[in-house]
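Given next are the chains, with one letter for each unit.
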Amino acid sequence: MTNDVTLQIATANGSGSQSSNTVLLRSLFQMGIPVSGKNLFPSNIAGLPTWYTIRASKDGYVARKKEVDLLVAMNPETAREDVAGLPAGAAVIYDAPLALEGSRADLVFYPVAFDRVVEPITGDAKLRKLLKNMAYVGVVARLLGIEIAEVDAAIGRVFGSKAKARDLNVTAARAGFDHAAALEKRDAHRVERMDANQGKIVVDGNSACALGAMFAGVTVVPWYPITPSSSLVETLSTYLKKYRHDADGKATYAVIQAEDELAAMGMVMGAGWAGARSMTATSGPGVSLMSELAGLGYYAEIPGVIFNVQRVGPSTGLPTRTAQGDVLSTAFLSHGDTQQILLLPGSVEECFSLAVEAFDLAERLQTPVFVLTDLDLGMNNWMAQPFQHPDRPLDRGKVLGKEDLDRLGGFARYADVDGDGIGWRTLPGTDHPRAGYFTRGTGHDENAAYSEKADVFSRNMGRLSRKFDQAREILPPPVPCGTGKEKVGIIAYGSSDPAIRESQDQLREERGLETDYLRVRAWPFARAVREFVAAHDRVYVVEQNRDGQLCALLKLDLPPEQVTRLRPVAHITGLPLDARSVTDEILEKEKV
Amino acid sequence: MAAPGTTAVAAAPRKNRIGLTVLDYRGGKTTLCAGCGHNAISERIVEACFDLGIAQERIAKFSGIGCSSKSPAYFLGRSHAFNSVHGRMPSVATGAILANRTLLGLGVSGDGDSASIGIGQFVHLMRRNLPMVYVIENNGVYGLTKGQFSATADSGSTLKTGAVNDLPAIDTCALAIQLGATFVGRSFSGDKKQLSAMLKAALAHRGMAFLDVISPCVTFNDHEGSTKSYSWLKEHQEPLQELSFIPAFDEISVDYDPGTTVEVRLHDGSRLQLRKLETDYDPSSRSRAVARLMESGSQEAVLTGVLFVDEKAPDFLTRLGMVDAPLATLPADAVRPSRAVLDEVNESLR
């Protein structure tokens, strides 16, 4: 099979295999073959087993594929188990001392004495251990038909200006490549150059969110490190240092490592209140801690952007595994009748574009906006179209300046003068005696004055509800896929997208089942979501959690007669969603 | 400092150097108990800002939750204010001041708000030396929830019910000094002169100016057995210095004896003179200040005055290397990099 192969590389965490795997991924990408990589790693610095899967697909499928075609077994801890899990016909490249040959008769084994391959390269034993990883790159390249020149080029990119490291790694890759010339090719998997990646970039979702934030003009970035979101702010810091200073070299931003997520969220709220574009990035446990301040943001109407790179909960859960498990709790984050805006990017392109949009929306709607990605989208590398420079000017929302106040004579912070539920605000520091107002999380009237009056309270809550409801149509609309005329619909979001698209093809090709697919990109839902459900007999809501969280939100939002059409397809394994699981479950449910 | 032409009219209210009367600095009517120390502190804040001729529009008031945290509604009515959530005022203030470095931040918190639920944020705020004034109105007790001990209640002090506090008090001044605040003082809401001078100096200081002001709770903690009562403070207050504040715009020269008085020149050119009542106290030494506070605790004395001051340490904003203009209102072309930058980034990802 040409250009349709899934590799799994099994190593120990901290052994330096990440660079090797990136080189493999990039080499395939450079050959114009659609490719995706998934790092399945433990919550550990060094020693525990880790797997990296690379899928090359001429059809452009980038979801995780469960069936592995070629295993690179480097980890003695897991090698036997890894081999046992392979489908018949798969090939295994393995470190010769593991002696895996003969463990199964239906596999093709390629033993490689990696120690001997790298021995001539350096006398440094520690370095040799690392170079073994680059040697397997060369072996894989030879067996699959990856061009060695592309491997060299990919190593050049990964090691950048570190010439010595680059040269050593090139030598190691070539040693593996040369060594493998002696192996007799006995499996059917191979790759060859094609031309599917013209103009594309390779990037992870955290970097894409970071870039989106920078191009949105973010200025205040408090954060607290947490997997899998840390790289978002670290990448952002690197880009800000490079691109965001004035002529004197002074920073047009502040990145603050806060003492915890409560403080990070407090700083976001303080900065948003004072008129800055402010954000933080976190994951589930951090969002839980931010809950009280998020409620303050909702009620006192303060903009801010919170990136939640979701991982597996409850509690500390599986910190390095992926999930869509915070949708429901974030939608109502905090006590009382709090509602929060959610944006749900489904690709790295959207990590960028929805990040830009999130800042506009937060200031337009004067409320926190949560951008929910996940570990799969955030930390894995994805092919993408180049990012587009935002074509709309910054929307800073309704802010009154000194001149406005001179003209108006004053203002009422929470008065709905425009009928959209959104009041006008002033920023602290505005040089006008009527600019000041008293922001509070306690009950307040239109003038922001303390009030416990029943009618004042319910009027204010009614306005907030109206504001939230009207947000539906200004949030990123859902993306339809399909003829729109089928009986069966699928609703999904976020990183599930590639698996759903592949599953649609499987359903059609294997069973003749045509489906329409609507990818939701925001909560509260646009009217189009309701129309989609109304137009289909059965709607499968696919998501990566146990309880069908988006499905639950849909049930709250849809008219009662539509609710019975919904069928949750909820998967939570900690691994990125694969198409086969979706297809199988939909087919199972369609039989009934 | 009356404006020209008004000096002869006896009935006209006095105006400050920016043409405002003290009434212009007031806030809403207090809803705290009559006699609450917090009200006196509000009065001192009003006077200090009036006397210094501070434009209230420059000030952003911050607070958390509790009786003390309500009080920003009762002073400086023209200022922006943010009454946040319990114990989280430090982070909210930090965000706001990062967003607009030209703001003069004035935080008011309580002992519950800062020393219990908010201690984590409090210590990190002190450590950052964020330029702002942070006042704890310290009464040793939770008022709004009706009289539970706070973490600043002294060991051995009692509640009205007779319950005895057997835990040691957290000394927020000692913490602030140890952690990096650059102006730290303790005062008493009933000591008008000292508190007034200290507030003015705090407002003129560039860096974290932290004041712990003992402020008796007349309802829940003003009884015999309390060490935060008016009578206890009257008997046990031990001022380290007599303070005089000379604003920058006041060009008068005040002679002082360097043997008995320390003069601190503050960031904006104003001067704080500390006439030593305790001759060997040195407010420039963190370790000595902390040691002295520890001693006073065991002597049942409430040491007040300027405990520590360092006018030279860089504040948080300086260390961040930010632009001079407020980040909040930078124009789009300063914060959104060009198309060429994005092209370069895209190219690097190919």
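For the structure, check the block above.
Residues numbered from 1 in each chain as written. Chains lettered and ligands numbered in written order. Predicted model: local features only at pLDDT ≥ 70, side-chain atom pairs only at ≥ 80, totals over all residues.

**Some points on the sheet that holds strand S6 (residues 108-112) of chain A**
The strands that make up a sheet pair up through hydrogen bonds in the backbone, lying either parallel or antiparallel. Residue and element names in this part refer to chain A. What the six strands build is an open sheet, ordered S2-S3-S1-S4-S5-S6; its pairing is mixed. Across the chains shown, the open sheet's two edge strands, defined by having one partner strand only, are strand S2 (35-40) and S6. For this sheet the average axis-to-axis angle between neighbouring strands, irrespective of direction, equals 15 degrees. Two strands pair when backbone bridges link them, and strand S1 (residues 4-12) and strand S3 (residues 49-57) are joined in this way by nine bridges, in the antiparallel orientation. Counterpart to Val5 in the pairing with S3 is Ala56. Across the face of the sheet, helix H1 (residues 17-30) comes into contact with S1, S2 and S3 while running at roughly 5 degrees to S3. The sheet strands contacting helix H4 (residues 125-144) are S1, strand S4 (70-73), strand S5 (91-95) and S6, and the helix crosses S5 at an angle near 150 degrees. (Pairing = 2+ DSSP bridges. Helix = DSSP H or I, 4+ residues; strand = E, 2+ residues; numbered from the N terminus. Axes fitted to C-alpha atoms, helices over the stretch in contact; angles between N-to-C directions. Contact = placed C-beta atoms within 7 Å.)

**Concerning the sheet that holds strand S18 (residues 488-492) of chain A**
Residues and elements named next belong to chain A. The strand order across the open sheet formed by five strands is S17-S19-S18-S21-S22, and the pairing between neighbours is mixed. Since the sheet does not close on itself, it has two edges, and those belong to strand S17 (479-481) and strand S22 (566-570), each with one partner. On average, each strand axis in the sheet is tilted by 20 degrees relative to the strand beside it, whichever way the strands run. Alignment of S18 against strand S21 (residues 538-543), held across four bridges, turns out to be parallel. Bridging from a neighbouring strand, Val488 pairs with Arg538 of S21. Those strands touched by helix H20 (residues 579-591) are S21 and S22, and its axis lies near 145 degrees from that of S22.

**Points about the interface of chain B and chain A**
Across the contact, 48 residues belong to chain B and 59 residues belong to chain A. Contributing elements (two or more residues each) for the side of chain B that touches chain A: strand S2 (80-83), helix H3 (89-99), helix H5 (119-128), helix H11 (332-335) and helix H12 (339-348) of chain B. Here the element with the most residues in the side of chain B that touches chain A is H3 of chain B; it accounts for eight residues. Classifying every residue of the side of chain B that touches chain A by side-chain character gives 26 nonpolar, 15 polar and seven charged. (Nonpolar A, V, L, I, M, F, W, Y, C, P; charged D, E, K, R; others polar.)

**Quick notes on the pairing of strand S12 (residues 271-276) of chain B**
Residue and element names in this part refer to chain B. Pairing of strand S10 (residues 241-246) with S12 involves six bridges; the strand directions are antiparallel. Across the sheet, the residue bridging to Glu242 is Arg275, located in S12. Of the pairings in the sheet, the one linking strand S11 (residues 261-265) to S12 comprises five bridges and is antiparallel in character. Bridge assignment links Val264 to a residue of S12, and that residue is Leu272. Counted between consecutive antiparallel strands, the loop separating S11 from S12 contains five residues, among which Gly269 sits at a positive phi close to 95 degrees.

**Quick notes on the environment of Leu40 of chain A**
All names here are of chain A. As for its placement among the helices and strands, Leu40 is situated in strand S2. Classification of Leu40 as buried rests on a count of 20 C-beta atoms within 10 Å. Residues Leu40 and Leu394, 354 residues apart in the sequence, show an inter-C-alpha distance of 38 Å. (Buried ≥ 20, exposed ≤ 12 C-beta atoms within 10 Å, placed from the backbone.)

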